[in-house]
Amino acid sequence: MASPVPISSVSIATAALSAEISATGAELVRLRDGSGADLLWDGDPAFWNGRSPLLFPIVGEVKGNRLNVAGKAYEIGRHGFARTSTFALVGSDAASCTWRLESSEATRRQYPFAFRLDVTYRIEGATLHMEARVTNTGTEVMPASFGFHPALRWPLPYGKSRAAHQVVFEQDEPAPIRRPVDGLLSAAQFATPVLDRHLQLHDDLFEDGALVFDTLASRSILYGEAIRVDFPRMPHLGIWTKPGAGYVCIEPWQGHASPEGFDGELADKPGVVTIAPGATETFAMSIALVR
């Protein structure tokens, strides 16, 4: 792969879909259909200035914003540092680009591991593929989580009212869900709002924050009868908006916020995966326009 070069953003496209990815956070900041209609939230700070942040090396929060590794505490904010870090562009063409973040003195103050994070965006036809590869470049086992956080327009630009939008799961989802409590995952469980695989979207769902599916059967959903989101190896899912905002986040995760009361070692945190020295763990999702 070519040596990294400094650049602020890259645009990629096919006839059916176009995307722009920023060097800040390797974040998807624009997604449009072939006619130029926006599918991604615009980051209006009146509601939320994010668009599609990448969550690494944690998803959600840890108790006291503190990671515990080998008995030592490291201060780290919600969703980790990747979303605010500057990535280097290491390759691109008309329909794909790859960005890289490597461990540094600054990252090790929050997360004491050596890593390389490569993020590739690739458009095929009307599908945007997003793949993150986390490589352990150190000499000890590395615990990590990873999450995607795309904010899709609600309503989508295809004539349906906001109230008519649903999320349709590929499988029945009878398991209870959880909610955030002061940034952590509730010990309490709540009855699933998914009925016959359908989740009817309305603002009241989100008055208490995100819906967290920590026991998830599906690995694909259909949103607004127009967009299919696939996440074949991501076992957890968050769905979130701020009531009244023009977006809904469909968030495939490996991992989630620390459960209430958990203050143990990072490697023991529910949802964390461990990566052996020299090994790579891959996390992927796709957004397909299917209307």
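If you're wondering where the values come from, they're calculated on a predicted model, not measured in any experiment. (Residues numbered from 1 in each chain as written. Predicted model: local features only at pLDDT ≥ 70, side-chain atom pairs only at ≥ 80, totals over all residues. Heavy atoms only, no water.)

Some points on the overall build of the protein
The cut-off we apply is this: Think of it this way: any DSSP run of H or I at least four residues long counts as a helix, any run of E at least two long counts as a strand, and we number them from the N terminus. As a reference, a globule follows 2.2 Å times the number of residues to the power 0.38, and the radius of gyration itself is taken over C-alpha atoms. Each residue gets one of three labels from its accessible area relative to the maximum for its type: buried under 20%, exposed over 50%, partly exposed in between, using a 1.4 Å probe on protein chains only. Where accessible areas are quoted, they stem from the Shrake-Rupley method and a 1.4 Å probe; at the residue level, only the protein chains shown are allowed to cover. Charged residues are defined here as Lys and Arg on the positive side and Asp and Glu on the negative side; His and the ends of the chain fall outside this count. Throughout, a charge is located at the NZ atom of Lys, the CZ atom of Arg, the CG atom of Asp or the CD atom of Glu.
Each helix and strand in the protein was counted, giving 1 helix and 24 strands. Here the C-alpha atoms of the protein give a radius of gyration of 18 Å, agreeing with the 19 Å that 2.2 N^0.38 yields for 291 residues. Dimensions of the protein, computed from the C-alpha atoms along their principal axes, are close to 55 × 50 × 35 Å. Per-residue burial over the protein gives 53% buried out of 291 residues. Only carbon and sulfur atoms are counted for the fraction: they give 48% of the accessible area of the protein, which is about 11900 Å². Side-chain charges of the protein comprise 26 positive and 33 negative groups, with the mean position of each set lying 3 Å from the other.

Overview of the packing of aromatic side chains
Note the threshold: When the centres of two rings from Phe, Tyr and Trp lie within 6.5 Å, Trp using its six-membered ring, the rings pair. Their planes under 30 degrees apart give stacked, over 60 give edge-to-face, and anything left gives tilted. Either the NZ atom of lysine or the CZ atom of arginine qualifies as a charge over a ring when it sits within 6 Å of the ring centre and within 35 degrees of the ring normal.
Under the defined criterion, the tally for this structure stands at 16 aromatic pairs. Both rings, one in tryptophan 48 and one in tyrosine 247, keep their centres 5.5 Å apart while their planes meet at 40°; by these two values the pair is tilted. Taken as a pair, tryptophan 48 in the loop between strand E3 (28-33) and strand E4 (54-55) and tyrosine 247 in strand E22 (residues 247-254) lie far apart in primary sequence, 199 residues in all. Under the relative-accessibility criterion, tryptophan 48 is labelled buried at 15%. On the numbers, 5.1 Å between centres and 70° between planes, the contact of phenylalanine 146 with phenylalanine 148 is edge-to-face. With respect to class, phenylalanine 146 is no different from phenylalanine 148; both count as buried. Through pairs of rings, three or more aromatic residues link up here, namely Phe56, Phe81, Tyr111, Phe113, Phe115, Phe146, Phe148 and Phe283. Above the ring of tryptophan 154, the side-chain terminus of arginine 162 is found at 3.7 Å from the ring centroid.

Details of the pattern of salt bridges
Rules: A carboxyl oxygen of Asp or Glu within 4 Å of a side-chain nitrogen of Lys or Arg is what we treat as a salt bridge.
Scanning the model with the defined rule gives 15 salt bridges in all. Its salt-bridge partner being arginine 78, residue glutamate 61 comes within 2.5 Å of it at the nearest N-O pair. Taken together, the positions of glutamate 61 in the loop between E4 and strand E5 (66-69) and arginine 78 in the loop between strand E6 (72-75) and strand E7 (88-93) put the pair 17 residues apart, joining distant regions of the chain. Arginine 133 serves as the salt-bridge partner of glutamate 131, at 2.8 Å between the closest nitrogen and oxygen. Taking relative accessible area as the criterion, glutamate 131 reaches 31% and is therefore assigned partly exposed.

Thoughts on the nonpolar core
Test applied: Throughout this description, the term nonpolar core refers to a set of buried Ala, Val, Leu, Ile, Met, Phe, Trp, Tyr and Cys residues connected via side-chain atoms within 4.5 Å. In what follows, residue pairs with any heavy atoms lying within 4.5 Å of each other are defined as contacts.
Counting residues in hydrophobic clusters, the biggest one holds 74 residues, and the most contacted among them are Leu117 and Tyr121. In this structure leucine 117 touches Phe56, Ala82, Phe87, Trp99, Arg100, Leu101, Ala132, Arg133, Val134 and Phe146, once residues within four positions along its chain are discounted.

Keep in mind these values describe shape, not function.
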